[in-house]
Amino acid sequence: DDDIFSSAFCENSEKLINVHLFALAAKYYSLSNLGVCTPLEDVLEALKGDSEGATGIKPDEFMNNKKSHEVQVMSELVDSIANYCGIKQVIDIGSGKGYLSSFLSMQYNLKVYGIDSSSSNTNGAHERNRKLKKHWRAYQSRGRENLKSQSLEKANDRPIESEIKCKTINKELLNGASSLQNQDQVIIQDLLPTCGFTEMATPKTNTETEADLVIGTQSHETKLSEEVLAILNVLRADAVEDFSSSHYNCRELCEEEKVRRKMTSRKTKARKSSESNLYFPLTSCITAETELNDIITDLEDCMMVGLHTCGDLAANTLRIFTAKPEIRAVCSVGCCYHLLSEQFENQEECHDQVWGFPMCQYLKDKGWCCGRNARMSACLALERVAVGQMLPTESLFYRAVLQVIIEEIYGVSKSDRHVGKTFSKSSSFIDYVRRSLKKLELDDSKVPDSCIMDYYEKYKHRMNELEAFNMLKVVLAPCIEVLILLDRLCYLKEQENIAWSGLVKLFDPVKSPRCYAVIALKNQSC
């Protein structure tokens with residue numbers, strides 16, 4: 001295959017001579033074609049067994065479509081991993097405005113610490129969480145209506161079953177006690193996963209009280225309703241109203257069972273009454289050497305998550321996970337590959353620095369380097385282009401001509417400063433150039449308007465060439481992303497304390513182009 005694809009380039013000049021073969025080669029080496037990913041459905045099935053996740057509240061009530069899609073999918077996976085590992089604490093690295101963190105705490109009753117380096121993001125997350133809690137009751141009400149509708153539909157489709165006596169239920173519960181995992185989890189028949197998690201030890205079980213056992217016998221509809229209603233215990237008393245027993249749509253129960261459920265409900269409320277907030281936004285810069293105990297005083301067994309952690313932050317998240325025994329699992333979706341630091345990009349030796357790429361020993365031994373241009377290409381979205389969301393050719397053309405002006409007029413080929421999103425604020429090419437020069441702290445008086453337009457006219461006819469070149473970069477983008485993601489996966493495979501690790505496609509790539517998660521769980525004995 002390598003010999004066939006190599007003929008896409010001229011042997012002597014090394015120029016591209018067969019675009020079709022180039023595209024086929026890029027597709028062949030893409031992540032979706034290599035078969036190294038674990039399907040999300042298989043992971044959820046392995047983690048959950050026969051249990052059901054929380055339903056009823058949709059994040060699109062208070063997020064845009066893209067963020068809603070990301071948060072809904074990732075939060076379900078995070079909750080499943082937390083339940084499997086028997087943990088209730090989650091650390092959200094690079095939490096930003098707290099979309100994922102707040103949803104994990106309110107929807108799944110997880111204790112979440114959201115850590116972001118920007119104080120403005122942290123303050124914004126505080127305010128947003130406050131407003132979200134204020135309106136959560138309205139979302140809950142809609143969720144209950146959805147559950148009620150689902151229950152009625154299922155009831156219409158299901159044949160009438162004979163009524164089971166309470167004595168029979170209690171007897172089956174006591175006989176099946178050994179199949180329970182712990183008092184915060186529902187009864188499942190197949191506790192051990194079967195798809196790729198065979199290295200993991202069986203999760204430890206706790207002794208259940210008789211009252212806790214009764215919880216597992218609720219009907220499917222009742223269980224889902226109580227899961228939704230239980231979220232209200234997370235909120236402050238002034239944020240929601242109490243629910244009376246009349247809100248529960250339960251089957252007829254014997255008096256003894258009613259008493260047990262009432263006692264269990266009181267215990268749950270008492271345990272949660274002291275927790276007025278389960279989401280804590282914190283401001284801190286995370287590096288590979290960060291000591292989480294210095295940031296989180298009540299750190300316990302937990303998992304780390306990151307939704308679009310930028311640049312080196314994704315790599316550092318994995319390094320902290322492997323180094324800290326209290327972190328039982330990790331689920332990280334990286335982004336901004338162009339901001340990764342590379343060990344072999346520059347010739348200068350920096351022995352003490354921790355690099356974002358490469359991470360695994362194999363690529364380190366090879367001295368592998370991508371370079372900034374390749375990493376920039378890895379950020380492009382092939383799937384979006386494929387459905388008609390074309391590249392911003394004009395803005396790319398503006399930037400390319402600007403580069404020529406800067407090099408020829410100012411003699412500058414490299415700068416630590418960035419032009420940023422100047423194009424969207426500019427009324428013309430002349431305006432764009434002048435705004436950009438000021439951002440780069442270059443004297444724009446050296447370039448008259450006529451000179452700027454001369455450059456524009458000189459290269460205008462080559463705009464189609466630029467578009468074709470960028471389309472080739474888009475085609476190649478998945479291959480470069482593969483290299484970065486497999487480097488991270490191989491790093492985890494090299495660690496001795498990891499029970500399972502894998503790449504999982506979480507999101508629709510059209511909605512969210514950076515859609516792959518690196519997931520790992522530690523051995524139970526570690």
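Computed from a prediction, not measured in an experiment: that's the story for all the values here. (Residues numbered from 1 in each chain as written. Predicted model: local features only at pLDDT ≥ 70, side-chain atom pairs only at ≥ 80, totals over all residues. Heavy atoms only, no water.)

Engineer: Honestly, helix H17 (residues 393–410) in this entry has me stumped. Any pointers?
Structural biologist: A turn of α-helix holds 3.6 residues, and therefore any two residues three or four places apart point the same way. For H17, with 18 residues, the first-to-last C-alpha span of 25 Å sits near the 26 Å given by 1.5 Å per residue. The set of residues buried in H17 consists of Thr 393, Ser 395, Phe 397, Tyr 398, Val 401, Leu 402, Ile 405, Ile 406 and Tyr 410. Check the buried side of H17 and you find it contacts helix H18 (429–439), helix H19 (449–459) and helix H20 (463–493). Note on H17: the residue one or two positions beyond its end, Gly 411, has a positive phi of about 70 degrees. (Helix = DSSP H or I, 4+ residues; strand = E, 2+ residues; numbered from the N terminus. Expected span 1.5 Å × (residues − 1). Buried < 20%, exposed > 50% of the residue type's maximum accessible area, 1.4 Å probe, protein only. Contact = heavy atoms within 4.5 Å.)

Engineer: I keep staring at H18 and nothing clicks. Help me out?
Structural biologist: Restricting attention to buried positions, one finds in H18 the residues Phe 429, Tyr 432, Val 433, Arg 434, Ser 436 and Leu 437. Check the buried side of H18 and you find it contacts H17 and H19. Glu 441 sits one or two residues past H18 and shows a positive phi near 60 degrees.

Engineer: Quick question: what am I supposed to make of the nonpolar core here?
Structural biologist: The tendency in soluble globular proteins is for nonpolar side chains to be buried side by side. Core analysis: the biggest nonpolar cluster contains 76 residues, and Met 74, Leu 77, Met 303 and Leu 506 have the highest contact counts within it. When residues in this core are grouped by element, the largest group, nine residues, is from helix H5 (residues 65–85). Contact partners of Met 74, with chain neighbours within four places excluded, come to Leu 100, Val 305, Gly 306, Leu 307, Cys 331, Val 333, Leu 506 and Phe 507. Formed by 20 residues, the second largest nonpolar core is a distinct cluster that contains Tyr 398, Val 401, Tyr 432 and Leu 466. (Core = buried A, V, L, I, M, F, W, Y, C linked by side-chain atoms within 4.5 Å.)

Engineer: Teacher, can you tell me more about the pairing of strand S1 (residues 89–93) here?
Structural biologist: Consecutive side chains along a regular strand alternate between the two faces of the sheet. Most of S1 is tucked away, with five of its five residues classed as buried. Burial along S1 is two-sided: the face carrying Gln 89, Ile 91 and Ile 93 and the face carrying Val 90 and Asp 92 are both buried. Judged from the five bridges that link them, S1 and strand S2 (residues 111–116) form a sheet pairing that is parallel. Note that in S2 the partner of Val 90 across the bridge is Val 112. (Pairing = 2+ DSSP bridges.)

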